[in-house]
Amino acid sequence: MSVLDFFKWLQYSQPLTMMRTSAWFFPIIASIHLTGLALIGGAVLVVDLRLLGLGLRQQPVSQIARDAERWLLVSLVVLLPTGILQFMCFAATKYYYLTAFWIKMAAICLALLFTFSVRRKITMSDEVHGSPVWSKLVAVISLSLWFTVAIAGRWIGFP
Amino acid sequence: MSVLRFCEWLAATPGSIALHESRYLYLIVLTVHVLTLCLFVGTAVIVDLRLMGLTMQTVRVTEVITRLLPWTAAGLVTMITTGALLFYAAPLLRYQNIFFRAKMVALLCAGLNVWMFHKGVYRSVAAWDLDPLPPRRAKIAGGLALVLWVVLITLGRMIPYQVYWLDCDRQPESAIVNLLVGCK
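Conventions adopted
Think of each chain on its own: its residues are numbered from 1, step by step along the sequence as written. Chains and ligands are labelled by the order in which they are written, letters from A for the one and numbers from 1 for the other. Only residues with pLDDT of 70 or above have their local features reported here, since the model is predicted, and side-chain atom pairs are shown and tallied only from 80 upward, although totals for entire chains, interfaces and linings are computed over all residues. Secondary structure elements are taken from DSSP: a helix is a run of H or I of four residues or more, a strand is a run of E of two residues or more, and numbering for both begins at the N terminus. Every C-beta atom is placed from the backbone, and the number of other C-beta atoms within 10 Å of a residue's own sets its class: buried at 20 or more, exposed at 12 or fewer, partly exposed in between. By the convention adopted here, residues are in contact when the distance between their C-beta atoms, placed from the backbone, does not exceed 7 Å. Amino acids are sorted into nonpolar (Ala, Val, Leu, Ile, Met, Phe, Trp, Tyr, Cys and Pro), charged (Asp, Glu, Lys and Arg) and polar (every other residue, Gly among them). As used here, a nonpolar core is made of buried Ala, Val, Leu, Ile, Met, Phe, Trp, Tyr and Cys residues. They are joined through C-beta atoms within 7 Å. Inter-axis angles, ranging from 0 to 180 degrees, are taken between N-to-C directions of lines fitted to C-alpha atoms, where helices are fitted over the stretch in contact. Orientation labels follow simple angle bins: below 35 degrees gives roughly parallel, above 145 gives roughly antiparallel, 65 to 115 gives roughly perpendicular, and whatever is left gives oblique. Should the near helix be turned counterclockwise from the far one by less than a right angle, the crossing is left-handed, whereas a clockwise turn marks it as right-handed. Expected span of a helix: the number of residues minus one, times 1.5 Å. In this scheme, the bend at a residue equals the angle between the axes fitted to the seven residues that finish there and the seven that begin there.

J.: Would you mind going over the overall build of chain B with me for this structure?
T.: Helix and strand counts for chain B stand at eight helices and zero strands. Along chain B, helices and strands appear, N-terminal first, in the series α-α-α-α-α-α-α-α. Taken over the C-alpha atoms alone, chain B extends approximately 55 × 35 × 30 Å along its principal axes. Out of the 184 residues in chain B, the part that is buried amounts to 30%.

Printed below as a string of structure tokens:
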């Protein structure tokens, strides 16, 4: 079965056909997804701003990162299921042919990988680490990746 | 001049028509409006969670507020600017929208909540600045703000979906619906 076959099978499965006929299901799911967006925005920004020497700059990076990580995880618990449900509200093949969809999927993978590997290692260590330039680079990469996810996500819904 | 007349007049101005009919500008304004959620609501949520004692418990409340407030304010300015442009692009469609109307009321409530917090329990912040769990009134203000963010986001997202349910051009509707939606 090819990827396209899988998307076609998904598109005509019964629960998805039912969800597509409801006018209210999609905007409600989308609203919850946007609430998750706001939360992840706060959880990511507060750490990246700190790495850039902005925001809560009098606090140790590791402490802010530890506090924020919990809410980053909460936001992901909100975002991932509602994101999958939104995907299921429309013809799956619509997404197969949308560049923005594949860009978003790739950017999510990269952003999560970067956040929980390099960024986590840099922000969680208590000892004084690397040069400030390195910290700032990590923040810029993190912001760029999440920004790509958000922009591509918004673009999926555009005509 | 009634609000309805004003909206009709605004909708007929060249700028409103240009923004409404534009291929990309409208979508760009909309994108900025939605993504600014991260900055505006995102930073505000951190403050609200601190007020509820759910994050950064070892950081002074005043520090969280004063360090993050400039970013929240920048987000608010962007939100109001892009929001005004979105209204300008389709004044009548927004004015005659139950979700838009409810969103403005919720926005007023959110503003009132912030104002009451600053005029009330925040005046005595020196006494509880370092408390991991702020006093009850601060917790309530933070919790109320969180609820209002969810309500605001949901109402905003619902604005384009009113047409599935009702439309001023599709009469007859009940008098109460016409009154709430502001149909002629």
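J.: Is there a simple way to explain the interface of chain B and chain A in this structure?
T.: When the parts of a complex come together, some accessible area is lost, and that lost area is often used as the size of the interface. With 30 residues of chain B in contact, the opposing surface of chain A contributes 23 residues. Counting residues per element, the ones that place at least two in the side of chain B that touches chain A are helix 3 (25–51), helix 4 (61–89) and helix 7 (136–158) of chain B. The residue makeup of the side of chain B that touches chain A, split by class, is 21 nonpolar, six polar and three charged.

J.: Just checking my understanding: could you explain the nonpolar core for this structure?
T.: In summary, soluble globular proteins display a tendency toward joint burial of nonpolar side chains. Formed by 63 residues in total, the largest nonpolar core has its most connected members in Ala38, Val46 and Val149 of chain A together with Leu37, Val45, Val64 and Trp149 of chain B. Mapped by element, the contributors of at least two residues to this core are helix 3 (25–51), helix 4 (61–89), helix 6 (99–124) and helix 7 (132–156) of chain A together with helix 3, helix 4, helix 6 (98–119) and helix 7 of chain B. Residue contacts for leucine 37 of chain B: discarding those within four places in its chain leaves Leu34, Leu37, Ala38 and Gly41 of chain A together with Gly42 and Ile153 of chain B.

J.: Help me out: how do you make sense of the environment of valine 29 of chain B in this one?
T.: Residue and element names in this part refer to chain B. Looking at the element boundaries, valine 29 is found in helix 3. Separated by ten residues in the primary sequence, valine 29 and leucine 19 have C-alpha atoms spaced 9.6 Å apart. Other than its neighbours up to four places away in sequence, valine 29 contacts Thr82, Leu85 and Leu86.

J.: In this structure, what is going on with the packing of helix 6 of chain A against helix 7 of chain A? I would like to understand it.
T.: Residue and element names in this part refer to chain A. Taken N-terminus to C-terminus, the directions of helix 6 and helix 7 make an angle of 155°; their axes are 8 Å apart at the nearest point. One element, helix 6, and the other, helix 7, form an angle in the roughly antiparallel class. Between helix 6 and helix 7 lies a crossing of left-handed hand. Split by residue class, the contact of helix 6 with helix 7 holds 18 nonpolar, five polar and two charged.

J.: In this structure, what is going on with the environment of isoleucine 28 of chain B? I would like to understand it.
T.: The topology assignment puts isoleucine 28 of chain B in helix 3. When the C-alpha atoms of isoleucine 28 of chain B and threonine 82 of chain B are compared, they prove to be 9.6 Å apart, with 54 residues separating the residues in sequence.

J.: How should I be thinking about unusual backbone geometry in this particular structure?
T.: In most cases, non-glycine residues show a negative phi, while peptide bonds are predominantly trans. All names here are of chain B. Positioned with a positive phi, methionine 56 is a non-glycine residue whose angle comes to about 45°. Mapped onto the elements, methionine 56 comes out in the loop between helix 3 and helix 4. The exposure class assigned to methionine 56 is buried, which follows from the 23 C-beta atoms found within 10 Å.

J.: So what exactly am I meant to see when it comes to helix 4 of chain A here?
T.: Side chains of residues three or four places apart in an α-helix project in the same direction, reflecting 3.6 residues per turn. Given a rise of 1.5 Å per residue, 29 residues ought to cover 42 Å, and the 40 Å separating the end C-alpha atoms of helix 4 of chain A matches this to within 8%. Bending of helix 4 of chain A peaks at approximately 25° at the position of alanine 68 of chain A. Of the positions making up helix 4 of chain A, those classed as buried are Ile64, Ala65, Asp67, Ala68, Trp71, Ser75, Leu79, Thr82 and Gln86 of chain A. Close packing links the buried residues of helix 4 of chain A with helix 3 and helix 6 of chain A together with helix 3 of chain B.

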